[in-house]
Amino acid sequence: LLLSCSSAQQPGSCPAPCECSEAAKTVKCVSRNLTAVPPNLPSYVRNLFISGSRLGRLPPGAFPARRLPDLRSLNLSGNHLRAVEAGALAALPALRQLDLSANPLVSLSPQAFGEEGSPLEELALRGALRDHGVLLSVVTMLQSGALRNLSRLDLADNGLLLLPSGLLASLLALRRLDLGGSSLVGLQNVSFQGPGQLQSLNLSEGSLGVLRNGSSAPLHRLPALRRLGLARNTWVCDCTVEDLVAWLKESDQGEGKEALSCAYPDKMLGKTLLKINSSDLNCSEPVDLPSQLQTSYVFLGIVLALIGAIFLLVLYLNRKGIKKWMHNIRDACRDHMEGYHYRYEINADPRLTNLSSNSDV
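Just so we're clear, the structure is a prediction, and the values are computed from it rather than from any experiment.

Let us look at the packing of aromatic side chains. The tally for this structure, following the rule as stated, stands at zero aromatic pairs. Here the guanidinium or amino end of K28 rests over the ring plane of F49, the centre of that ring lying 5.8 Å away.

Next up on the list: helix α4 (residues 242-250). Every buried residue of α4 is listed here: L244, V245, W247 and L248. Buried residues along α4 cover an arc of 165° about the axis, so they all sit on one side.

So, on to the state of the cysteines. In total, this model carries three disulfides according to the counting rule given. The residue that forms a disulfide with C18 is C29, at a sulfur-sulfur distance of 1.9 Å. Torsion about the S-S bond of the C18 and C29 cystine: about 100°, corresponding to right-handed handedness. Placement of C18 in the loop between α1 (2-9) and β1 (19-21) and of C29 in strand β2 (residues 26-30) is noted, with a sequence separation of 11 residues between them. The class of C29 is buried, set by a relative accessible area of 0%.

Judged by nonpolar contacts, the single largest core of 80 residues is most densely connected at L58, F63, L76, L89, L153 and L201. Within the residue set of this core, elements represented by two or more residues are β2, β3 (47-51), α2 (132-143) and α4. Looking at which element gives the most residues to this core, the answer is α2, with six residues. The residues contacting L89, other than those within four sequence positions of it, are L58, F63, L74, V84, L98, A112 and F113.

Moving on, we get to the UniProt feature "domain: LRRNT" (unreviewed entry) in the protein chain. When the UniProt feature table is mapped onto this chain numbering, "domain: LRRNT" (unreviewed entry) sits at residues 13-47. In the segment residues 13-47, helix accounts for 0% and strand for 26%; the C-alpha atoms at its two ends are 15 Å apart.

Rules behind the numbers
Residues numbered from 1 in each chain as written. Predicted model: local features only at pLDDT ≥ 70, side-chain atom pairs only at ≥ 80, totals over all residues. Heavy atoms only, no water. Phe/Tyr/Trp six-rings, centres within 6.5 Å; stacked < 30°, edge-to-face > 60°. Lys NZ or Arg CZ within 6 Å of the ring centre and 35° of its normal. Buried < 20%, exposed > 50% of the residue type's maximum accessible area, 1.4 Å probe, protein only. Helix = DSSP H or I, 4+ residues; strand = E, 2+ residues; numbered from the N terminus. Arc of directions from axis to C-beta. Disulfide = S-S within 2.5 Å. Core = buried A, V, L, I, M, F, W, Y, C linked by side-chain atoms within 4.5 Å. Contact = heavy atoms within 4.5 Å. UniProt positions renumbered as here; feature names shortened; annotations may be inferred.

Below, the structure is given as structure tokens:
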């Protein structure tokens, strides 16, 4: 019994709240109401699950230095984590997969993986970036190159309205990007600059209703793209989706494109995008904006010419009255100027300098 108790406290033994399998090199601490990472995790572990607990925060050195040399996959989802501090994940040299999904993160330090970064390849932050401040911290971390080997990034269910500028610029190895469940209403504010090797992009279950003609240009700048998820978006089927419909018919990238259907207007409700024709969209007469502007300028010129003609006609009909009015103004100005001239002559004559200003002269 004493030997058994002693071995239970040794590093490398299975922590009491967890389930361990040395053969599978896996440790599971699921729904154990933990408030901290167990300190005596076995050194053989390659897959570690700590989820459904109440960790709250990951302090510096949350994982024992050099005790987990082979840990490759770490799942910390659903732990009510609010803060991941600098150095919290620095002592995991073999870490390749990290899942922080379903945590109400408020703070995620850009130095969470230490000064030298991490060899991490897959990062899941599904539903963990609702706070704007932590989103900016993630941007800073990714821009710093700390995760330059990242090939898969899951940002789904975060209600993103746009992708912050430069978010993906340093992720040259990125292959898969999940933006499902976002609030993106278009691709005008989305920049995919950087991940030239992106092969899979998920935009499903979001707020996309229209990919306006010409706004799908960012997708055309992804030469390696093979899978594009657009399912379960409320598509508005009018002239603005003509380019999207043409692209879906020609491309083999649209995953599940056969199920994409119209939500608006009522006459198009339920109709599959692949079965839409130009006649259905009433786009036979394209809108020519320069021609519209030219027509507007011609109309404005005609109106101004008509106003000028009316003004000249009024002047002509009242020419006698206008002439008399101008003569009256001329006579009044002349009398006024003669008065000034007379006063100037009096003031300039030295013989009249001693006369009183009340003189009748």
